[in-house]
Amino acid sequence: MEYLYKITVEIDDDMVHRLGQHDPDAVYETVRQAFLSCDFQERTEAGGQMVFTIGDDKDSFSNVGIAANALYDSWLGRYLKKMEWYDADDDSVEDILKEIGEFDDTYGK
């Protein structure tokens, strides 16, 4: 198995340009650094999406939550169009933005 978890991230480029508050390159670089600092490997972009993978390590599960929540709660959270978590162990896919939103609705931020 090449990875245990794969995260795909899609940025709402139209919103980044429309609001004009942040440099588009800075948005992408911030996403990149959030995942790389949590031991993810960056893969080739696919169809406008950034793709990050992480192997089976004792901290892999935690690192998914750390990176995803840090981005969601940061200044660029409003630019996140899509973030999905693929678990190679059980072939499941989760919509991270939906899951975090539902958690916040239930328990508050």
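Data block above holds the structure.
Here we summarise the structure given alongside this text. (Residues numbered from 1 in each chain as written. Predicted model: local features only at pLDDT ≥ 70, side-chain atom pairs only at ≥ 80, totals over all residues. Heavy atoms only, no water.)

1. Quick word on the packing of aromatic side chains
According to the stated counting rule, one finds five aromatic pairs in the structure shown. Look at Tyr5 and Trp85: their rings are 5.4 Å apart centre to centre, the planes differ by 80°, and that puts the pair in the edge-to-face class. Here the residue Tyr5 occupies a position in strand β1 (residues 5-11), and Trp85 occupies one in strand β4 (residues 80-87), the gap between them amounting to 80 residues. Consider the rings of Phe35 and Phe52, whose centres lie 4.5 Å apart with planes at 15°: the pair is stacked. Of the two residues, Phe35 is situated in helix α2 (residues 24-36) and Phe52 in strand β3 (residues 49-54); the sequence distance between them amounts to 17 residues. The two residues Phe35 and Phe52 agree in class, both being buried. (Phe/Tyr/Trp six-rings, centres within 6.5 Å; stacked < 30°, edge-to-face > 60°. Helix = DSSP H or I, 4+ residues; strand = E, 2+ residues; numbered from the N terminus. Buried < 20%, exposed > 50% of the residue type's maximum accessible area, 1.4 Å probe, protein only.)

2. Re unusual backbone geometry
Negative phi is the rule for most residues except glycine; trans is the rule for most peptide bonds. In the Ramachandran plot, Asp39 falls in the positive-phi region, its phi being about 70° despite a non-glycine side chain. The residue Asp39 is located in the loop between α2 and β2 (41-46) in this model. Even without being a glycine, Asp91 presents a positive backbone phi close to 55°. With respect to the element layout, Asp91 can be found in the loop between β4 and β5 (92-95). Residue Asp91 is classed as exposed on the basis of its relative accessible area, which comes to 70%.

None of the figures reported here should be taken as evidence of function without further support.
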